[in-house]
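Chain by chain, the residues run as shown.
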Amino acid sequence: MMFKFEKNKIRSFLMAGVLALASGAALLPVAPAHAQARVLPDFTDLVDQVGPSVVNIRTVEKVTQRSGNADMDEEMQEFFRRFFGQPMPNIPRQGPRPNRPQQPQEEERPRGVGSGFILTTDGFVMTNAHVVDGASEVLVTLVDKREFKARLIGADKRTDVAVVKIEATGLPAVKVGDISRLRVGEWVMAIGSPFGLENTVTAGIVSAKQRDTGDYLPFIQTDVAINPGNSGGPLINMRGEVVGINSQIYSRSGGFMGISFSIPIDEAIRVSDQLRANGRVSRGRIGVQIDQVTKDVAESIGLGKAQGALVRGVEAGSPGEKAGIEPGDIITKFDGKAIEKPSDLPRLVGNTKPGTKSSLTVFRRGNSRDLAVTIAEIEPDKPVKRAAEKEEPAAKPQASAAAKSMGLAVSDLTEAQKKELKLKGGVKIDTATDAATRAGLREGDIVLAINNTEVANAKEFEAALVKADKTKPVSVLFRRGDWAQYALIRPSR
């Protein structure tokens with residue numbers, strides 16, 4: 001009986017399976033809810049939601065031309081005189097008559113096509129600065145085909161952000177997203193006018209964040225197809241929020257090659273707020289020229305890891321000079337925020353209001369110290385004025401054994417040279433050979449420190465070299481013109 005019961009159970013189970021297959025039901029395990037959610041996204045609702053907020057921007061520029069074809073006419077006459085020995089036959093002159101002065105004429109020509117998006121319901125539109133740069137007229141076309149002549153509120157070339165205004169109300173404004181929530185690998189979408197093709201939608205993922213391609217912006221890198229004409233359009237997340245402005249592409253052909261860059265929307269909003277309030281952007285500056293800290297240099301001077309911004313030069317009379325910053329310093333913190341790479345410093349300083357008192361942490365000669373600096377307002381770039389090097393006859397000392405192993409011969413600076421270069425000490429390189437030239441040093445460079453030890457004269461220079469461990473690279477802080485930098489000399493054995 002027991003066997004019969006089990007046999008009937010098995011028969012019932014098999015019959016249930018047959019019926020399930022017949023009805024189309026699957027006998028496979030059900031996937032977890034989070035696995036089911038990992039499917040390709042549908043962007044249709046996002047396009048309906050954000051599309052009306054995206055605009056097409058056309059620009060026009062005025063070109064001044066001379067009236068008539070006088071220049072071409074004169075060139076043709078000269079051609080006939082040279083090759084045929086006579087004036088151009090049977091063709092009346094097209095140039096101006098002697099008694100009629102030639103009048104310049106202005107002609108409006110299409111300049112370019114870009115994209116933008118409506119920032120506020122009362123008509124403020126955000127785009128790229130390079131889209132409207134040099135335009136005499138900006139025309140904004142909405143999705144419903146209404147066209148407006150826009151007024152330029154302001155443009156900031158450093159961040160490539162611009163704001164224009166159209167006279168309209170009740171417009172569909174975008175929602176601004178939180179850039180801190182944006183993750184690498186997240187789906188994003190772009191809407192714009194590539195090659196003048198309006199209302200074009202492309203999509204992809206965020207491939208990197210904090211990408212350095214400019215002084216003031218940590219770009220969002222994506223694989224969204226961006227082409228000429230997309231500039232100024234929005235980068236949109238899956239919540240329908242704008243997280244960036246499409247600005248640049250990496251390309252060897254002029255078209256999309258798989259990498260595009262967008263301005264983070266928080267940076268863009270910060271700029272647009274100033275443009276709307278003042279028509280310009282005010283940025284902070286401390287007046288230092290900076291460079292990267294290499295791993296070898298960081299290890300040789302005791303910094304540990306390659307971080308911070310190496311100060312190569314300090315402008316005379318600048319906030320940096322008044323704060324006590326010196327060439328060769330490595331700025332590791334600004335207002336308590338770590339400087340991981342050189343580009344971090346101009347961003348933090350640039351976003352600080354001029355007049356603010358801030359703190360700096362610098363690494364100098366093996367030790368960290370805090371400095372107070374008052375932020376000034378950034379000025380237009382000025383050409384660097386290099387100090388003239390006076391050739392003064394002087395007896396060049398015989399290099400010691402230690403200096404020879406480095407490939408160097410040096411001499412003291414005169415008081416006039418120190419005053420001109422604004423230095424307290426240092427030695428001038430008279431000869432650089434072998435190990436020194438391989439390290440990048442050359443005649444005329446000024447050595448300021450050896451292995452974190454300042455050298456005021458040739459005697460101190462020799463003493464520092466004698467103390468140096470010849471089995472390790474010797475770090476040399478030197479100045480060339482207005483710029484300070486490090487070199488690593490590997491002594492000859």
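Residues numbered from 1 in each chain as written. Predicted model: local features only at pLDDT ≥ 70, side-chain atom pairs only at ≥ 80, totals over all residues. Heavy atoms only, no water.

Draft legend 1. Local environment of the overall build of the protein chain. Helix and strand counts for the protein chain stand at 13 helices and 27 strands. Across the 493 residues in the protein chain, those meeting the buried criterion constitute 43%. In the protein chain, 62% of the contacts between residues at least 6 apart in sequence involve partners at least 24 apart. Summed over its atoms, the accessible surface of the protein chain is roughly 27,500 Å², and 53% of this surface lies on carbon and sulfur atoms. (Helix = DSSP H or I, 4+ residues; strand = E, 2+ residues; numbered from the N terminus. Buried < 20%, exposed > 50% of the residue type's maximum accessible area, 1.4 Å probe, protein only. Contact = heavy atoms within 4.5 Å. Areas by Shrake-Rupley, 256 points an atom, 1.4 Å probe, with all protein chains shown as cover.)

Draft legend 2. Spatial organisation of the pattern of salt bridges. All told, the structure shown has 21 salt bridges when counted by the stated rule. Between Arg364 and Asp329 there is a salt bridge; the shortest N-O distance is 2.7 Å. One end of the pair, Arg364, is in strand E19 (residues 357-364); the other, Asp329, is in the loop between helix H8 (319-323) and strand E17 (330-334), with 35 residues separating them in the sequence. Across this residue pair, the class does not change: Arg364 and Asp329 are buried. For the salt bridge of Asp344 with Lys341, the shortest nitrogen-to-oxygen distance reads 3.3 Å. (Salt bridge = Lys/Arg side-chain N within 4 Å of Asp/Glu carboxyl O.)

Draft legend 3. Structural view of empty space enclosed by the protein. Inspection of the entire model under this criterion finds four cavities of 30 Å³ or more. Approximately 100 Å³ is the volume found for the largest cavity. Around the largest cavity, the lining comprises 13 residues; the ones closest to its centre are Glu267, Arg270, Val271, Arg283 and Asn351. For the lining of the largest cavity, the secondary-structure elements that each account for two or more residues are helix H6 (265-278) and helix H9 (344-350). (1 Å grid on protein atoms, 1.4 Å probe; cavity = no way out; pocket = protein on both sides within 12 Å on 5 of 7 lines; lining within 4 Å. Points joined across faces, edges and corners; volume = space filled by probe spheres on them.)

Draft legend 4. Expanded view of the pairing of E19. Most of E19 is tucked away, with six of its eight residues classed as buried. Here four bridges tie E17 to E19, and the two strands are oriented antiparallel to one another. Across the sheet, residue Ile331 finds its bridge partner in E19, namely Val362. Sheet analysis places E19 next to strand E20 (residues 367-374), joined by eight bridges and oriented antiparallel. (Pairing = 2+ DSSP bridges.)

Draft legend 5. Structural view of the nonpolar core. Core analysis: the largest hydrophobic core is formed by 24 residues, its most contacted members being Leu408, Leu441, Val447, Ile450, Phe461 and Val476. Val447 has contacts with Gly426, Val427, Ile429, Val455, Phe461, Val476, Leu477 and Phe478, leaving out every residue within four places of it along the chain. Core analysis: the second largest hydrophobic core is formed by 19 residues, Phe117, Ile153, Phe219 and Val281 among them. (Core = buried A, V, L, I, M, F, W, Y, C linked by side-chain atoms within 4.5 Å.)

Draft legend 6. How the structure looks around the confidence of the model for the protein chain. On average, the protein chain scores 81 in pLDDT, and the residues at 70 or more come to 76%. A low-confidence stretch, residues 380-395 (pLDDT under 50), is modelled with 17 contacts involving residues beyond four sequence positions or located in other chains. (pLDDT = per-residue confidence, 0-100.)

Draft legend 7. View of the pairing of strand E11 (residues 234-237). Burial of the side chains of E11 extends over both faces: Pro234 and Ile236 are buried on one face and Leu235 and Asn237 on the other. As defined by bridge partners, strand E8 (residues 187-192) adjoins E11 across three bridges and the pair is classed as antiparallel. Its bridge partner lying in E11, Met189 is registered against Ile236. Bridge analysis of E11 against strand E12 (residues 241-249) gives three bridges, and the strand direction is antiparallel. Of the residues in E12, the one forming a bridge with Pro234 is Ile245.

Draft legend 8. Structural context of the packing of aromatic side chains. Following the criterion strictly, the structure yields two aromatic pairs and no others. Consider the rings of Phe43 and Trp187, whose centres lie 6.0 Å apart with planes at 65°: the pair is edge-to-face. Placement of Phe43 in the loop between helix H2 (33-36) and helix H3 (44-50) and of Trp187 in strand E8 is noted, with a sequence separation of 144 residues between them. Judged by its relative accessible area of 32%, Trp187 falls in the partly exposed class. (Phe/Tyr/Trp six-rings, centres within 6.5 Å; stacked < 30°, edge-to-face > 60°.)

Draft legend 9. Expanded view of the environment of Val184. With respect to the element layout, Val184 can be found in the loop between strand E7 (175-176) and E8. A residue is classified by how much of its surface remains accessible, and Val184, at 53% relative accessible area, is exposed. In sequence terms Val184 and Ile220 are 36 residues apart; their C-alpha atoms lie 9.3 Å from each other. If sequence neighbours within four positions are ignored, Val184 has contacts with Val206, Ser207, Ala208 and Lys209.

Draft legend 10. Structural context of a nonpolar patch on the surface. There is a patch of nonpolar side chains on the surface, built from Leu40, Trp187 and Met238 and spanning about 310 Å² of accessible area. Locating Leu40 in the fold gives a position in the loop between H2 and H3. (Patch = residues over 30% accessible without salt bridge, like charges linked within 9 Å, V, L, I, M, F, W, Y side chains within 5 Å.)

Draft legend 11. Representation of H6 within the structure. Under the 1.5 Å per step criterion, the end-to-end length of H6 is 20 Å for 14 residues, consistent within 8% with the ideal 20 Å. What H6 keeps buried is the set Ile265, Glu267, Ala268, Val271, Ser272 and Leu275. In an axial view of H6, the angular spread of the buried residues amounts to 150°, which keeps them on one side of the axis. Those residues of H6 that are exposed and angled more than 90 degrees off the buried face are Ala277 and Asn278. (Expected span 1.5 Å × (residues − 1). Arc of directions from axis to C-beta.)

Draft legend 12. Focus on helix H13 (residues 458-467). What H13 keeps buried is the set Ala458, Phe461, Ala464 and Leu465. End-on view of H13: buried residues confined to an arc of 120°, all on one side of the axis. Structural note: H13 exposes Lys459, Val466 and Lys467 on the side pointing more than 90 degrees away from its buried face. You can read the cap of H13 off the contacts: a side-chain oxygen lies 3.2 Å from the backbone nitrogen of Lys459, and it is on Asn457. (Polar contact = N/O pair within 3.5 Å; in protein donor to acceptor, adjacent residues only side chain to side chain.)

Draft legend 13. Representation of the side chain of Arg364 in the model. Arg364 sits in the buried class, given a relative accessible area of 6%. A polar side-chain atom of Arg364 sits 2.8 Å from the main-chain carbonyl oxygen of Gly324.

Draft legend 14. The environment of Val297, seen in detail. Position of Val297 among the secondary structure elements: in helix H7 (residues 295-300). By relative accessible area, which is 10% here, Val297 ends up buried. Separated by 191 residues in the primary sequence, Val297 and Leu488 place their C-alpha atoms 7.1 Å from one another. If we skip the residues at most four places from it in the chain, Val297 touches Tyr486 and Leu488.

Draft legend 15. Quick peek at the side chain of Asn56. Tracing the chain through its elements places Asn56 in strand E1 (residues 54-66). Separated by 3.0 Å, the side chains of Asn56 and Ser193 make a polar contact. Contacts of Asn56, omitting those with residues within four sequence positions, involve Val113, Gly114, Leu139, Val140, Thr141, Ser193 and Glu198.

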